[in-house]
4 protein chains.
Amino acid sequence: MVNVGIIGVTGYVGMEIVRLLHSHPEVNISVIVNQSFTGMKMSDVYPHLKNVFEMECRSLDIEGVMDKADIFVFALPDTASQQIIPAFIEKNRRVIDHSGSFRYRDVKVYEEWYKVKHAAPDYVNMAVYGLPEIYRDKIRTAGLVANPGCYPTCSILGLAPLLAHKLVDTRSIIINAVSGVSGAGRKTDLMYQFSERTESFCAYGVASHRHTSEIEQELSLLAGEKIRVSFTPHLAPMKRGMLCTIYADLAEERNTAELIDIYKEYYRDEFFVRVLDEGKVPETKHTAGSNFIDIGIVVDKRLNRVIVLSALDNLGKGAAGQAVQVLNLMCGFPENTGLKSPGLYL
Amino acid sequence: MVNVGIIGVTGYVGMEIVRLLHSHPEVNISVIVNQSFTGMKMSDVYPHLKNVFEMECRSLDIEGVMDKADIFVFALPDTASQQIIPAFIEKNRRVIDHSGSFRYRDVKVYEEWYKVKHAAPDYVNMAVYGLPEIYRDKIRTAGLVANPGCYPTCSILGLAPLLAHKLVDTRSIIINAVSGVSGAGRKTDLMYQFSERTESFCAYGVASHRHTSEIEQELSLLAGEKIRVSFTPHLAPMKRGMLCTIYADLAEERNTAELIDIYKEYYRDEFFVRVLDEGKVPETKHTAGSNFIDIGIVVDKRLNRVIVLSALDNLGKGAAGQAVQVLNLMCGFPENTGLKSPGLYL
Amino acid sequence: MVNVGIIGVTGYVGMEIVRLLHSHPEVNISVIVNQSFTGMKMSDVYPHLKNVFEMECRSLDIEGVMDKADIFVFALPDTASQQIIPAFIEKNRRVIDHSGSFRYRDVKVYEEWYKVKHAAPDYVNMAVYGLPEIYRDKIRTAGLVANPGCYPTCSILGLAPLLAHKLVDTRSIIINAVSGVSGAGRKTDLMYQFSERTESFCAYGVASHRHTSEIEQELSLLAGEKIRVSFTPHLAPMKRGMLCTIYADLAEERNTAELIDIYKEYYRDEFFVRVLDEGKVPETKHTAGSNFIDIGIVVDKRLNRVIVLSALDNLGKGAAGQAVQVLNLMCGFPENTGLKSPGLYL
Amino acid sequence: MVNVGIIGVTGYVGMEIVRLLHSHPEVNISVIVNQSFTGMKMSDVYPHLKNVFEMECRSLDIEGVMDKADIFVFALPDTASQQIIPAFIEKNRRVIDHSGSFRYRDVKVYEEWYKVKHAAPDYVNMAVYGLPEIYRDKIRTAGLVANPGCYPTCSILGLAPLLAHKLVDTRSIIINAVSGVSGAGRKTDLMYQFSERTESFCAYGVASHRHTSEIEQELSLLAGEKIRVSFTPHLAPMKRGMLCTIYADLAEERNTAELIDIYKEYYRDEFFVRVLDEGKVPETKHTAGSNFIDIGIVVDKRLNRVIVLSALDNLGKGAAGQAVQVLNLMCGFPENTGLKSPGLYL
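Residues numbered from 1 in each chain as written. Chains lettered and ligands numbered in written order. Predicted model: local features only at pLDDT ≥ 70, side-chain atom pairs only at ≥ 80, totals over all residues. Heavy atoms only, no water.

## Quick word on the overall build of chain A
- A tally of helices and strands in chain A yields 11 helices and 14 strands.
- At 20 Å, chain A has a C-alpha radius of gyration in line with the 20 Å of a compact globule built from 346 residues.
- In terms of principal-axis extent, the alpha carbons of chain A reach across some 60 × 40 × 40 Å.
- Within chain A, buried positions represent 68% of all 346 residues.
- Restricting the contact set of chain A to residue pairs at least 6 apart, pairs at least 24 apart contribute 70%.
- When the accessible surface of chain A is summed, it comes to about 11100 Å², and 48% of that surface belongs to carbon and sulfur atoms.
- Side-chain charges of chain A comprise 37 positive and 41 negative groups, with the mean position of each set lying 1 Å from the other. (Helix = DSSP H or I, 4+ residues; strand = E, 2+ residues; numbered from the N terminus. Rg over C-alpha atoms; globule rule 2.2 N^0.38 Å. Buried < 20%, exposed > 50% of the residue type's maximum accessible area, 1.4 Å probe, protein only. Contact = heavy atoms within 4.5 Å. Areas by Shrake-Rupley, 256 points an atom, 1.4 Å probe, with all protein chains shown as cover. Lys, Arg positive; Asp, Glu negative; His and termini not counted. Charge placed at Lys NZ, Arg CZ, Asp CG, Glu CD.)

## Description of the pattern of salt bridges
- One pass over the full model with this rule turns up 108 salt bridges over all chains.
- Between E16(C) and R19(C) there is a salt bridge whose closest N-O contact spans 2.8 Å. Highlighted residues: E16(C) and R19(C), both in helix α1 (residues 12-22), separated by 3 residues, approximately one helical turn. Neither E16(C) nor R19(C) differs from the other in exposure class; each is buried.
- If you follow the salt bridges from partner to partner, you end up with R186(A), E283(B), K285(B), E196(C) and R197(C) in one network. (Salt bridge = Lys/Arg side-chain N within 4 Å of Asp/Glu carboxyl O.)

## Details of the relation of the copies chain C and chain B
- Superposing chain C onto chain B takes a rotation of 180° plus a shift of 0.0 Å along the axis, which leaves an RMSD of 0.0 Å. What we have between these two chains is a two-fold relation.
- Of the residues that chain C buries at the interface, 100% are likewise interface residues in chain B, meaning the two copies contact each other through the same surface. (Least-squares fit on C-alpha atoms with pLDDT ≥ 70 in both.)

## Comments concerning helix α7 (residues 150-164) of chain A
Residue and element names in this part refer to chain A.
- Taking 1.5 Å per residue as the helical rise, α7 with its 15 residues ought to reach 21 Å, and the 21 Å between its terminal C-alpha atoms agrees with that figure.
- Of all bends in α7, the biggest is about 35°, found at G158, and the proline P161 comes one to four residues later.
- With 14 of its 15 residues buried, α7 lies for the most part within the structure.
- Taken from the residues just after α7, K166 is the one with a positive phi, measuring 50°. (Expected span 1.5 Å × (residues − 1). Bend = angle between axes of the 7 residues up to and from the residue.)

## Comments concerning the domain arrangement of chain A
All names here are of chain A.
- With domains assigned, chain A is organised as domain 1 (2-126) and domain 2 (151-314).
- Placing the centre of domain 1 and that of domain 2 at their C-alpha centroids yields a distance of 27 Å.
- On the side of domain 2, 15 residues touch domain 1, which itself brings 14 residues to the contact.
- Of the roughly 1300 Å² buried at the junction of domain 1 and domain 2 (both faces included), carbon and sulfur atoms supply 49%.
- The tally of links from domain 1 across to domain 2 stands at 3 salt bridges.
- For the interface between domain 1 and domain 2, the tally reads 10 residue pairs in polar contact (both at pLDDT 80 or more).
- If you list the elements that add at least two residues to the side of domain 1 that touches domain 2, you get α1 (12-22) and α5 (107-114). (Domains from an automatic or database assignment. Buried area = accessible area lost by both parts, 1.4 Å probe. Polar contact = N/O pair within 3.5 Å; in protein donor to acceptor, adjacent residues only side chain to side chain.)

## Brief notes about the interface of chain D and chain B
- On the chain B side, the residues contacting the 19 residues of chain D number 19 residues.
- Along the contact surface separating chain D from chain B lie 2 salt bridges.
- R186(B) is paired through a salt bridge with E196(D); the nearest N and O atoms lie 3.0 Å apart.
- On the surface where chain D and chain B come into contact, there are 14 residue pairs in polar contact (both at pLDDT 80 or more).
- When grouped by side-chain class, the residues that make up the side of chain D that touches chain B number 7 nonpolar, 5 polar and 7 charged. (Nonpolar A, V, L, I, M, F, W, Y, C, P; charged D, E, K, R; others polar.)

## With respect to the relation of the copies chain D and chain B
- Superposing chain D onto chain B requires a rotation of 180° together with a translation of 0.0 Å along the rotation axis, leaving an RMSD of 0.0 Å.
- Comparing interface residues between copies, 100% of those in chain D also lie at the interface in chain B; the contact surface is shared.

## Side note on the pairing of strand β11 (residues 242-249) of chain C
Residues and elements named next belong to chain C.
- Extensive coverage of β11 is indicated by the burial of 7 of its 8 residues.
- Looking at chain direction, strand β8 (residues 174-179) and β11 are connected through 6 bridges and run antiparallel. Across the sheet, residue A177 finds its bridge partner in β11, namely C244.
- Note that β11 and strand β14 (residues 305-312) share 8 bridges and pair antiparallel. Counted as the bridge partner of L243 is A311 from β14. (Pairing = 2+ DSSP bridges.)

## Some remarks on the interface of chain C and chain B
- Across the boundary between the two partners, chain C contributes 47 residues, which contact 47 residues of chain B.
- Interface area for chain C against chain B, summed over the two sides, is near 3900 Å², with a carbon-plus-sulfur share of 54%.
- It is E199(C), F201(C) and R302(C) that lose the most area in chain C upon contact with chain B, and together they represent 18% of the buried surface on that side.
- On the surface where chain C and chain B come into contact, there are 6 salt bridges.
- Where E196(C) meets K285(B), a salt bridge forms, and the shortest distance between an N and an O atom there is 3.4 Å.
- Mapped by element, the contributors of at least two residues to the side of chain C that touches chain B are β8, α8 (194-197), β9 (202-203), α9 (211-223), β10 (230-235), β11, β13 (293-300) and β14 of chain C.

## Here we look at the packing of helix α6 (residues 132-141) of chain A against helix α11 (residues 316-331) of chain A
Residues and elements named next belong to chain A.
- Running from amino to carboxyl end, α6 crosses α11 at an angle of 40°, the nearest separation of the two axes being 9 Å. Put simply, α6 runs oblique to α11. The hand of the α6/α11 crossing is right-handed. Every residue of α11 that contacts α6 at P132, E133, R136, I139 and R140 is listed here: K317, Q322, Q325, V326, L329 and M330.
- Partitioned by chemical class, the residues of the contact of α6 with α11 number 5 nonpolar, 2 polar and 4 charged. (Axes fitted to C-alpha atoms, helices over the stretch in contact; angles between N-to-C directions. Parallel < 35°, antiparallel > 145°, perpendicular 65-115°, else oblique. Left-handed = near helix turned anticlockwise from the far one by under 90°.)

## Details of the sheet that holds strand β2 (residues 27-33) of chain C
Residue and element names in this part refer to chain C.
- Spatial strand order, β3-β2-β1-β4-β5-β7-β6: 7 strands in an open sheet with parallel pairing. With partners counted over all chains shown, the strands left at the sheet margins are β3 (57-58) and β6 (128-129), one partner each.
- Pairing between strand β1 (residues 2-7) and strand β4 (residues 71-74): 4 bridges, direction parallel. Bridged to V4 within β4 is I71.

## Some details on the nonpolar core
- Core analysis: the largest hydrophobic core is formed by 167 residues, its most contacted members being V306(A) and V306(B).
- If sequence neighbours within four positions are ignored, V306(B) has contacts with L162(B), V168(B), I246(B), Y247(B), A248(B), L250(B), L259(B), I297(B), V298(B) and V299(B).
- Counting 166 residues, the second-largest nonpolar core is a separate cluster that includes A142(C), V306(C), L315(C) and Y135(D). (Core = buried A, V, L, I, M, F, W, Y, C linked by side-chain atoms within 4.5 Å.)

## Things to note about the packing of helix α7 (residues 150-164) of chain D against helix α10 (residues 256-266) of chain D
Residues and elements named next belong to chain D.
- The N-to-C vectors of α7 and α10 enclose an angle of 105°; their axes lie 10 Å apart at closest approach. One element, α7, and the other, α10, form an angle in the roughly perpendicular class. For the pair α7 and α10, the contacting residues are G158, L159, A160, P161, L162 and A164 in the first and L259, I262, Y263 and Y266 in the second.
- Split by residue class, the contact of α7 with α10 holds 9 nonpolar, 1 polar and no charged.

## Examining the environment of E270(C)
Residues and elements named next belong to chain C.
- Along the chain, E270 turns up in the loop between α10 (256-266) and β12 (273-275).
- For E270 and N336, which are 66 residues apart along the polypeptide, the C-alpha to C-alpha distance reads 10.0 Å.
- Here E270 is in contact with E133, R136 and E335, once residues within four sequence places are set aside.
- Polar side-chain contacts of E270 include one of 2.6 Å to the side chain of R136.

## Structural notes on the sheet that holds strand β2 (residues 27-33) of chain A
Residues and elements named next belong to chain A.
- Strand order in the open sheet formed by 7 strands is β3-β2-β1-β4-β5-β7-β6, and the pairing between neighbours is parallel. Looking at which strands have only one partner, the edges of the open sheet turn out to be β3 (57-58) and β6 (128-129).
- Sitting on the sheet, helix α4 (residues 78-90) touches β4 (71-74), β5 (94-97) and β7 (144-146), and the angle it makes with β5 is about 160°.
- Its contacts with the sheet put α11 on β1 (2-7), β2, β4, β5 and β7, and the angle it makes with β5 is roughly 160°.

Written as structure tokens, this is what we have:
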């Protein structure tokens, strides 16, 4: 049994990590931290956990908390992550972080897109980008894993086989992404009110969303060349779910069947990546509540352009599920331990 | 390991039973039957099961199917259930049925409310009503269990402590019930179309819904007297979830705290019944995806009337979850085996 | 042309009043007031009004605003209404108020249920309760009209014929009400966030909602005796819409057809009250976007109990539509001027 | 007063045309036709119309119907349109058709994409494409107007200024489109069931949707060269609304402000086209229930690529609203007669 602490437990990502780790056979949640609900039981904040998980939220006294676990999952805003995580690292605690703080190879890119000064630049280089399908081996031994954003996970896994095999014109990549509202977190902004969001659809952060830089970093590394992409996020009136519709011009003529074969081969050993058969397209509800990502591929022969559709649960493979997958790797457990369940469909 | 067969597997209840039994540590799904999708894989009908549960649907050749399992869960329409189940019983297969066919003590009540002639009246008396919180011991040894409807489960468990303790005027009971749309099954009626149901709320079956008779049968048995109730079902624009708002005049003065104590005592040993503390009311999303039923109690002192609020997942405790709970009892497993997970909240 | 001012224009009720009055043939919106968006155009706050209604929000300098119109519609919180409206009344401006401030015959009832001291008790007696179907004549000449709450409108109109004809046991009335989320206004509470509300259903304010007192006041006046009711509001995952399911024991035996006749007769001259034929029940979407209220009646012969179902749009007949209906009466226009459009269905 | 007949009145488009024409000051709906509901009142099929529009549906006896009106709006499937419309044209009735039948300059393109033989090819050439912003003058005198599809309307108006001014590389156009479910019509397919659609998002018809050919035809005419585009439709869990996110590489460097100026100039006299100011993006709910189309423009300077966002109501400017706009032109009424109302926002 590994003792795991969750810092920032009462956001949606923290809540989902509790749900997953609670039924994980090799993990014991030994401490949970939240500043606003200190002293309250998690099941008072999230009543679906009543009689299931009754632990109290602690305040963040770093020394006291650090003793309680070997691995800590952080689900805090960027600023807080940068201020607090170094203390945990210094005391040899292993950390999985959900903020953007440690996802970048180059602190300057972070500072440019996030428009803040990084508070812990010295820790950036030691961090491993927590996408197991790409960085599995490094994650196993990492002390600090920066869990990818939901949009980057969905985009990178959708594009990786095309880039690895140099199948597309890398200047032509367009990622049109749609997210459920829980991706914004447990916020009370007017924009995320029920009456404002139901029965409406919109884009946001057009040509300026900071996940663009994270996607570009990883795609460039996969391709071995500098890549820039159009990335446009949208909000759909649903709670969970993400779909990326990705367009790229093919470098040479290919048909749908060929590309599906390449994807199936590329992801042959990946439990969580389901490449769909020709003629099928993913739906977000097929992944909701699970750690799966479903990928469909269609070649438009008329245009010699490929359209890749990748779907996942923004709280699952896009956040908490991926964190558990990373945790399994770090602890030497089979990678899908505690993650074998399908979603709920309904 | 117990081999379980599921007959009528491609409806929403069948799908949910697959989801639950697939991760059940003591159960092996050994055969699944559906007439429309014979030869297709379950994961082609429900793509969330891809790579998780790939079994093919068989046609219903009774002899061939019967050999494949010891216990069969039926999720078929009433007529089909009555025609097919007797053959399974005769061959000593144990059956859990989701239709209304075997829920009644008196075949005449069934025939009156369902407006059909019962095709297997001789099997009605041997059936046990599958509500573990009331009939636990009989279920353990039953050959045929009639799983209750979702509305009856939510209503009966909401009212049982009041009736057992004779706390209310039994002529005053009103059950105002609200269900998510999945309660109607995987139907293609115009009424259940997305554009027709979203952003709308309505009652249906007012003063005539057949679950009324099922509720009355069980409440009467609990109270030891003939009880009639008002029962009004409604449809809310959501997929899963059920809330009953139950009104009854108190026989003598009681306050909220007293009644909550009585409920907590009554359900003291019930894992799946969560009686809420004073001041809290249930929400359907706290139970969605789980086998829990949440019950809140408020006394209106001005009127000496109690309002009970009971919430569950119509596909969970209202159908598939309850079937697994019943299966656990029939097989001698701990009652919450495979059912310990909380719902998803989101 | 009547000049109308709207005070508190940027909430949902204010927005809807703008929508209705903008296409009203006899009304000119001459001034709109909001403190938070002073100087901004209404179409910047609500972009659906772009190119349609471009007026700027003014701040509430009472003297300056008062000169701009003859009639003012207020959509402010209670405290603000009580502080500001008297100044308008003193200057002979006619006022339609949406707060609870002036709805009560007895200030003590208001203070007890709203748990505040009333700041303008002297103006309570001059106010007319703005339900045209009951107080049409008084509204015509009123200086101050207190627009009813959405729940009271839906409840009172659903019950009025039964009480006027003394058809029910007045101690047995139970009102189970369901509202869309816009009824809470343009609030940013966590409870009204999209991810928290979608796919969930719950009650709130059980046995304590302040609209209970408003409903009881008006039902008592209709019946000529003191009436107390159970009133339980619920939230459904939709933006607009309200359905009351009302239960009452019949004083003597009646069937559905008889009661429908009585309702049709009672509302014979009412354009906005649609009494449904036997066998039909209302749906909120049939009224959404309109000023109609649809009423269905079912007698449960087994119990000699009537179930009345009344549906309206909480922003329409439950608020802004009713305000325009009242305004028409006050100005001597045909009562349905600017209100003849059906809702949108979808 | 112009007498208008509606053929195929009980679908969603027919219903919306009734709603709009019912309050149109210059139009009298003189006959409505539907084969399935012959003899029933429109308000029995759509109860929101009760007391508002009580006309009975007639069967389609062509001779009898033809006498009743001067202009007919058709909302029938393609096959039916092709079989019936010629008879109306021959008798000098003017027709506005919503099917795909008469939208193409080249019958072969229609037959290739719709995979059927056209039943009335001789009438294709006389038809005018019913997009007033492009073909206003021809529409005024047309005998047969082919109302555009919702996707083409949203795409073409989003791209027209770019093509007219030759601002983009025409080989780079990608249209990522999202529609509400009502776009599929009043169908009962499983795919459009509430439980299947709520809380899910998916693409369909990838690289094969027949609206692609309609979009390409009109874009090619605007640009004066043969254009091919990627067009990918998606379904969002909402009833009304459409958003196109359109990508194109700029032919030379331009910034956002310049392009917005060009759009504003291009649509200077268009009442229904609202070009948004810099920094604003459209939302479908701002157009729902109206005939407006909102267009936002963002230039991604890093990539020299423009992203155009165009939003409309698929039943409004995408269908019924546009039909009324066309009707106004054909009859010589001011173009926005009966169409001045904003949408509902909520």
